[in-house]
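# Descriptive structure summary
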Amino acid sequence: MTKPEAFNVLRTSDSGELIIVADYAATGRQAANFHDLAKLLETGHTIWETAPAPWGQETGMTGGDQADRWLHGIRDSGLTVRALLGFCGGGVYAGVLAERIAEWQERPRLVLFDPGFAESAMLTEHVDGFYRRLAKAFTEEQLAAGHRRVAAEAAAATGAVDLAGRLGRLFHEELRPAIVRAGWSERAAEESAGLVTGYLHWLAGAVDLDPRPGWARAAVLNSSDPEIGLHIIPEPERSAMFGEARFFDVVHADLLRTTDVAKHTDALLSRPAASYADAQ
């Protein structure tokens, strides 16, 4: 099989079954990602990670557009999707993909790690965070003006996708040069700008998607961080929103690199798909 264009291949096998993992792993974060979890899993199936649209091609893409890109690659593979795994905001995409895939095959299992809804405010917070981290590359007046411009772009945006485009342009115009002033090369600064722009569009796409139909059948593995995942969803709403849940005494950043989490994930992947479909 040729390498899929819309995915990163984490593991290959000849089982004929596929596990899709949904995340935006290349954000420069310190948290563990699905590359870490894949090393711990014993499952014998092929594992593909959703890859973002190539830099420069993400502009204007909705969440539905991004989901369609992955769905085309999945259908073209001829493989049966055994399960979808979603981390944090990737759980939104995983839930939507699970529902779409169920239109042509048996419903795949769905496992979510610290799931949460995507919100437009997350885009502005992400860019504001770069201003704070690069504060020494600005004067106080420039820094204040930068934060004001982020707020102005948010106020002027007609939706999350439009906001992603606006903030992406802002990053290239003001923060990319600041990265160079902070001592990084032009190439590194340009790569960072492309990476952030891709992430903003990925996150914006998730804002307008409704994952709840898929989530109703999901198994959730949640960290101990009080401001993450199920901890911020009221209990009555939580029980109605997901199929089942288990909490682990591990921080969010380490969830996908924890052996006990991997063992429980393997156990979920080995269960009959019907046990997920009948969860509620």
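See the structure shown above.
Report on the accompanying structure. Predicted, not measured: the structure shown is a model, and the values here were computed from it.

## Concerning the environment of leucine 110
Among the structural elements, leucine 110 can be located in strand β5 (residues 109–113). Along the sequence, leucine 110 and aspartate 14 sit 96 residues apart, while their C-alpha atoms lie 22 Å from each other.

## Overview of the side chain of threonine 124
On the secondary structure map, threonine 124 appears in helix α4 (residues 120–133). For threonine 124, a relative accessible area of 14% corresponds to the buried category. Ignoring sequence-local partners within four residues, the contact set of threonine 124 consists of Val150, Ala154, Leu163 and Leu167.

## Some thoughts on the packing of aromatic side chains
Inspection of every chain in the model, using the stated rule, returns 11 aromatic pairs. Ring centres 5.1 Å apart and planes at 35° place the aromatic pair phenylalanine 7 and tryptophan 48 in the tilted group. Taken as a pair, phenylalanine 7 in strand β1 (residues 7–11) and tryptophan 48 in strand β3 (residues 46–50) lie far apart in primary sequence, 41 residues in all. A centroid spacing of 5.8 Å and a plane angle of 75° characterise the contact between phenylalanine 34 and phenylalanine 113, whose relative ring orientation is edge-to-face. Of the two residues, phenylalanine 34 is situated in helix α1 (residues 34–40) and phenylalanine 113 in strand β5; the sequence distance between them amounts to 79 residues. Judged on exposure class, the residue phenylalanine 34 and its partner phenylalanine 113 are both buried.

## A few points about unusual backbone geometry
Phi at cysteine 88 is positive, roughly 55°, even though this residue is not glycine. Within the secondary structure layout, cysteine 88 lies in the loop between β4 (80–87) and α3 (90–101). Here aspartate 114, not a glycine, exhibits a phi torsion of approximately 45°, which is positive. Within the fold, aspartate 114 resides in the loop between β5 and α4. On the accessibility criterion, aspartate 114 (1% relative accessible area) is buried.

## Overview of the pattern of salt bridges
In total, this model carries 16 salt bridges according to the counting rule given. For the salt bridge of glutamate 190 with arginine 176, the shortest nitrogen-to-oxygen distance reads 3.7 Å. One end of the pair, glutamate 190, is in helix α7 (residues 186–207); the other, arginine 176, is in helix α6 (residues 160–181), and 14 residues separate them in sequence. Between arginine 238 and glutamate 235 there is a salt bridge, and its shortest N-O distance comes to 3.0 Å. Pair noted here: arginine 238 and glutamate 235 are both in helix α9 (residues 235–241), with a separation of three residues, about one helical turn. A cluster of three or more residues bridged by salt bridges with shared partners is formed by Arg149, Glu153, Asp162, Arg166, Glu173 and Glu174.

So, how was this worked out
- Residues numbered from 1 in each chain as written.
- Predicted model: local features only at pLDDT ≥ 70, side-chain atom pairs only at ≥ 80, totals over all residues.
- Heavy atoms only, no water.
- Helix = DSSP H or I, 4+ residues; strand = E, 2+ residues; numbered from the N terminus.
- Buried < 20%, exposed > 50% of the residue type's maximum accessible area, 1.4 Å probe, protein only.
- Contact = heavy atoms within 4.5 Å.
- Phe/Tyr/Trp six-rings, centres within 6.5 Å; stacked < 30°, edge-to-face > 60°.
- Salt bridge = Lys/Arg side-chain N within 4 Å of Asp/Glu carboxyl O.

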